[in-house]
Amino acid sequence: MMPRPVSIDSSQPDSRPKPHSRSVTRQQLRDTVWGYGLILPSLLVFLIFFYGPALFLAYIAFFHWSIFASQSTFVGLKNFTTLLHQPIFWQSLLNTAYYVVAVVPATTLLALALALLLREGMGRFGGGFSRALIFLPHVTPVVATSIIWVWIFNPQFGLANVVLHFFHVPPSNWLESVHWALPSVMIYTVWHSVGLYTILFLAGLASIPRSVLEAAATDGARGWRVFKRILWPLLGPITFFVIVLATINTMQTFSQVYTLTGGPHGGAGGPAFSTTTDSLLIYQTAFLYLHFSLASAMSLILFVLILGLTLIQKWFADRFVFYR
Amino acid sequence: MARVTFRRVMKTFGSHDVLSPLSFEVADGEFFVIVGPSGSGKSTTLRLVAGLERPSQGEIYFDTERVDQWPAHTRDVGMVFQNYAIYPHMSVYSNMSFGLEAQRTPKHTIAQRVQQVAALLEIEQLLPKRPGELSGGQKQRVALGRALVRNPRVFLMDEPLSNLDAQLRDHMRTEIRLLHDRLKITTIYVTHDQTEAMTMADRIMVMDQGRIQQIGTPAEIYAHPSTIFVAKFFGSPSMNIVSGRIAVDKNVAWFHPAHSPETPIPLPTSVSTLLPEDSTSHTIYMGFRPEDIVPKPLTNAFAFAFVPTTIESLGSHCQTHGHWHHHPISLTHRTPESFQRHQETRLSVPWSGIHWFAGEAGSRITVPDPDDVRQEVLTP
């Protein structure tokens, strides 16, 4: 190989005076300090109330730890193996899976349908009032509105059975029934969360250029064909986002399970543990039975499950979602 | 292919009249250009043809079928949008086949048609590509192809060239016109560009503020603009307009320009006899195109004093701007040395090059060609 001739020009940058470049670094340093200073308050809040406890949780999941004992002993995976031998743990996983599998598609499809009805140019449904009406449940506190739903699901005086009676369907025991307790919570959850996802879908629909839809119309397409070939593919990124968000939210559901079926005394989570979801079991294990290490191990499992599901969803999205 | 007829079509948005009643007809196979400034209602008119808007009143016909209440997907029109509106998630092939699929065309026919049109537009190698990989000019061709592939009854184009750079725009202008000459599909083309209108159209419809100003061939519109608006819209630099009044003194009609009433211009009888009786009581506008000005005094022509201020040489000709008693005047001429800046010269315009307008709308006063006038005078 021939050595490349070294020109005088190429050596010039090296001969620059050093103090100059050091002053640039000082400026950069000042910027960096200033930048970190700006995010410090929120960083502190996150560290103290979020990352700290999360790391501590991951730590005690591998220990026998008690708030009453001063010493904790390392037990390795024992907390996890204990869990695997607990039928209630498996039941909670099943309940959570049932809940997620039912609520996520139901909310997503209902939100999409509502968004299509409420979108711009859909006549009398398309106003801001209907949107506000749909979104309203989401801004109400779960604890407050679930009291109303406890009444709705009351087998003797509740609205739900009145509606069933109207359609000549035999009444249900709702929250007090082994089969219907979890579906009742699902119904509440759909009602409470569909507004948020509807708004997200509406934003997605609004981002589709009007001229693309007009082009489809002049191309002779309408209705289902426009939905299948134009709207659905172009809504892909939003749909993906909604599904991921709904999955994470439903896997962590606690409040409505607690208020609808747990009761103020930290009850069991529905008749025969039928509504005992992961989050509820974690809560009960930690704060009712004070097995913090077990609860931490469970939280870690839940975290890994959510992460895994999200990664799988992302894998799908990367292959099938079109990003503009 | 179809003839498109508008009968007293109105469009209002809220209390705002976007279109005053419009009546016009586009002949079968015609290349019809609607031109006007933004807000003139030209795009709304096109959208009414496509069915993307419904008229508030009036009727729209394709041949003898009344279509104004038909929804867009039933009208069988091909439309090219200003921003192309290509389906961003589909390949070029799917973009073109989408409309045929909606018509439930058999698969092999679709493939055939797409190939055929792609060949016509020389975009065959783009068929498997995604819109994201295309340049502006290529997207433009795909948008044309998508509209053409269904062989629509009417072909609609909404400022299709405005997003292209100048060179490509000139090229596509010629190409679209050639394409039309081959396919003979009735085409309605909306633009704000006078050059596109003049060069492409069989007939032009000029619109302003929701009203039709004039419909005619490019030559007619240039030679006989029906309003001051049309007169000024076409031609660059635009037509010089001088307002003034007519006064009769000693049996001679005089034009008193508003900017210098003390220097009236005597009108020859060949002109004055043709102005309407009430011309003396109204403001009259005199218009003459920059290229009709002769940079020297002529006999039996309208002459005035001119002070040039800027002389722009464009190589083939010059554009000179200046004023006549502080009234701005532009003219085009051949040789750059005709003028000295700030040095008064006399210019003239043959009477045949003068257009007369009157009234609030600035409507044209029809003054027949001097040749015709002479004949009328000679034949008793």
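Here is what the cut-offs are and how they apply
Residues numbered from 1 in each chain as written. Chains lettered and ligands numbered in written order. Predicted model: local features only at pLDDT ≥ 70, side-chain atom pairs only at ≥ 80, totals over all residues. Helix = DSSP H or I, 4+ residues; strand = E, 2+ residues; numbered from the N terminus. Buried ≥ 20, exposed ≤ 12 C-beta atoms within 10 Å, placed from the backbone. Contact = placed C-beta atoms within 7 Å. Pairing = 2+ DSSP bridges. Axes fitted to C-alpha atoms, helices over the stretch in contact; angles between N-to-C directions. Nonpolar A, V, L, I, M, F, W, Y, C, P; charged D, E, K, R; others polar. Core = buried A, V, L, I, M, F, W, Y, C linked by C-beta atoms within 7 Å. Left-handed = near helix turned anticlockwise from the far one by under 90°. pLDDT = per-residue confidence, 0-100. Expected span 1.5 Å × (residues − 1). Parallel < 35°, antiparallel > 145°, perpendicular 65-115°, else oblique.

### Description of the overall build of chain A
Right, on to step 1. Looking only at helices and strands, chain A has 14 helices and 2 strands in total.
Right, on to step 2. The buried share of chain A, taken over its 324 residues, is 30%.
Right, on to step 3. Counted over contacts in chain A with a minimum sequence separation of 6, partners at least 24 positions apart contribute 69%.

### As for the overall build of chain B
Right, on to step 1. When its secondary structure is counted, chain B shows 10 helices and 20 strands.
Right, on to step 2. In terms of principal-axis extent, the alpha carbons of chain B reach across some 80 × 45 × 45 Å.
Right, on to step 3. In chain B, which comprises 380 residues, the share counted as buried stands at 39%.
Right, on to step 4. Within chain B, counting contacts between residues at least 6 apart in sequence, those at least 24 apart form 65% of the total.

### Remarks on the sheet that holds strand 15 (residues 301–313) of chain B
Strands pair in a sheet through their backbones, by hydrogen bonds, and they do so in one of two ways: parallel or antiparallel.
Residues and elements named next belong to chain B.
Right, on to step 1. The strand order across the open sheet formed by 4 strands is 17-16-15-18, and the pairing between neighbours is antiparallel. Two strands close off the open sheet at either side, each with one partner strand: strand 17 (327–333) and strand 18 (345–350). Here the strands of the sheet are splayed against their neighbours by 50° on average, with no regard to which way each runs.
Right, on to step 2. Note: strand 15 against strand 18, 6 bridges, orientation antiparallel. Within the sheet, the bridge partner assigned to Phe302 lies in strand 18 and is Val349.

### Here's the deal with the interface of chain B and chain A
Right, on to step 1. Each side of the interface is counted separately: chain B has 18 residues, and chain A has 18 residues.
Right, on to step 2. Listed by contribution, the elements that provide at least two residues to the side of chain B that touches chain A are strand 6 (77–80) and helix 2 (92–102) of chain B.
Right, on to step 3. When grouped by side-chain class, the residues that make up the side of chain B that touches chain A number 11 nonpolar, 6 polar and 1 charged.

### Focus on the sheet that holds strand 12 (residues 252–257) of chain B
Residues and elements named next belong to chain B.
Right, on to step 1. In spatial order, the strands read 13-12-11-14-19-20; together these 6 strands make up an open sheet with antiparallel pairing. Sheet topology places strand 13 (265–266) and strand 20 (363–365) at the edges, where each strand pairs with a single neighbour.
Right, on to step 2. Bridging between strand 11 (residues 240–249) and strand 12 involves 6 bridges; their strand directions are antiparallel. In the sheet register, Gly244 faces strand 12, and the bridge partner there is Pro257.

### Description of the nonpolar core
Right, on to step 1. Phe201 of chain A together with Val33, Val49, Val154, Leu156 and Ile188 of chain B are the most contacted members of the largest nonpolar core, which has 146 residues in total.
Right, on to step 2. Dropping the residues within four chain positions of it, Phe201 of chain A is found in contact with Ala111, Leu112, Ala115, Leu235, Ile238 and Val242 of chain A.

### Some words on the packing of helix 6 (residues 142–152) of chain A against helix 12 (residues 255–262) of chain A
Residue and element names in this part refer to chain A.
Right, on to step 1. Closest axis-to-axis distance for the helix 6/helix 12 pair is 9 Å, and the angle between their directions is 35°. Crossing hand, helix 6 versus helix 12: right-handed. Counted together, Val142, Val143, Ser146, Trp149 and Val150 of helix 6 and Ser255, Gln256, Thr259 and Leu260 of helix 12 form the full contact between these two elements.
Right, on to step 2. A per-class count over the contact of helix 6 with helix 12 returns 5 nonpolar, 4 polar and no charged.

### Overview of the environment of Arg289 of chain B
All names here are of chain B.
Right, on to step 1. With respect to the helices and strands, the residue Arg289 is situated in the loop between strand 14 (284–288) and strand 15.
Right, on to step 2. Given 23 C-beta atoms within a 10 Å radius, Arg289 is considered buried.
Right, on to step 3. For the pair Arg289 and Ala223, spaced 66 residues apart in sequence, the C-alpha to C-alpha distance is 9.8 Å.

### Quick notes on the confidence of the model for chain B
Residue and element names in this part refer to chain B.
Right, on to step 1. Overall, the predicted model of chain B reaches an average pLDDT of 87, with 96% of residues at or above 70.
Right, on to step 2. Ranking the helices and strands of chain B by mean pLDDT puts strand 3 (residues 31–35) first, with 95, and helix 10 (residues 370–378) last, with 44.
Right, on to step 3. A low-confidence stretch, residues 372–380 stays under pLDDT 50, and its non-local contacts, those more than four residues away or across chains, total 2 contacts.
Right, on to step 4. Taken together, the chains of this predicted complex give a pTM of 0.80 and an interface ipTM of 0.81.

### Some thoughts on the pairing of strand 15 of chain B
Residue and element names in this part refer to chain B.
Right, on to step 1. Sheet analysis places strand 15 next to strand 16 (residues 318–324), joined by 6 bridges and oriented antiparallel. Within strand 16, the residue paired with Glu312 across the bridge is Gln319.
Right, on to step 2. Connecting strand 15 to the antiparallel partner strand 16 that follows it, the hairpin turn spans 4 residues, and Gly315 within it adopts a positive phi of roughly 90°.

### Section: the confidence of the model for chain A
All names here are of chain A.
Right, on to step 1. Per-residue pLDDT for chain A has a mean of 85; in total, 88% of the residues score no lower than 70.
Right, on to step 2. Helix 1 (residues 8–11) is the least confidently modelled element of chain A, averaging 43 in pLDDT, while helix 4 (residues 87–118) averages 93, the highest of any element.
Right, on to step 3. Across residues 1–16 the pLDDT falls below 50, and counting only partners more than four positions away or on other chains, this stretch makes 2 contacts in the model.

### Some remarks on helix 5 (residues 166–183) of chain B
Right, on to step 1. An ideal rise of 1.5 Å per residue puts 26 Å on 18 residues; helix 5 of chain B measures up with 26 Å between its terminal C-alpha atoms.
Right, on to step 2. In the stretch just after helix 5 of chain B, Lys184 of chain B is the one whose phi turns positive, near 55°.

### Quick look at the pairing of strand 6 of chain B
All names here are of chain B.
Right, on to step 1. Taking every second residue as pointing to the same face, both faces of strand 6 are buried, with Val77 and Met79 on one and Gly78 and Val80 on the other.
Right, on to step 2. Two strands pair when backbone bridges link them, and strand 6 and strand 7 (residues 154–158) are joined in this way by 4 bridges, in the parallel orientation. Looking across to strand 7, one finds that Val77 is bridged to Val154.

### Focus: the environment of Ser38 of chain B
Right, on to step 1. Its location among the elements puts Ser38 of chain B in the loop between strand 3 and helix 1 (42–50).
Right, on to step 2. Separated by 252 residues in sequence, Ser38 of chain B and Pro290 of chain B have C-alpha atoms that sit 25 Å apart.

### Regarding the packing of helix 4 of chain A against helix 8 (residues 181–206) of chain A
Residues and elements named next belong to chain A.
Right, on to step 1. The N-to-C vectors of helix 4 and helix 8 enclose an angle of 40°; their axes lie 7 Å apart at closest approach. Taken as axis vectors, helix 4 and helix 8 run oblique relative to one another. For helix 4 against helix 8, the interelement crossing comes out right-handed.

### Observations regarding the environment of Val321 of chain A
Residues and elements named next belong to chain A.
Right, on to step 1. Mapped onto the fold, Val321 is located in the segment after helix 14 (292–320).
Right, on to step 2. For Val321 and Trp232, which are 89 residues apart along the polypeptide, the C-alpha to C-alpha distance reads 10.0 Å.
Right, on to step 3. Setting aside chain neighbours within four positions, we find Val321 in contact with Gly236, Pro237 and Phe240.

### Describing helix 13 (residues 278–288) of chain A
Right, on to step 1. Within helix 13 of chain A, burial applies to Asp278, Ser279, Leu280, Leu281, Ile282, Gln284 and Thr285 of chain A.
Right, on to step 2. With its phi angle positive at about 60°, Leu290 of chain A sits one or two positions after the end of helix 13 of chain A.

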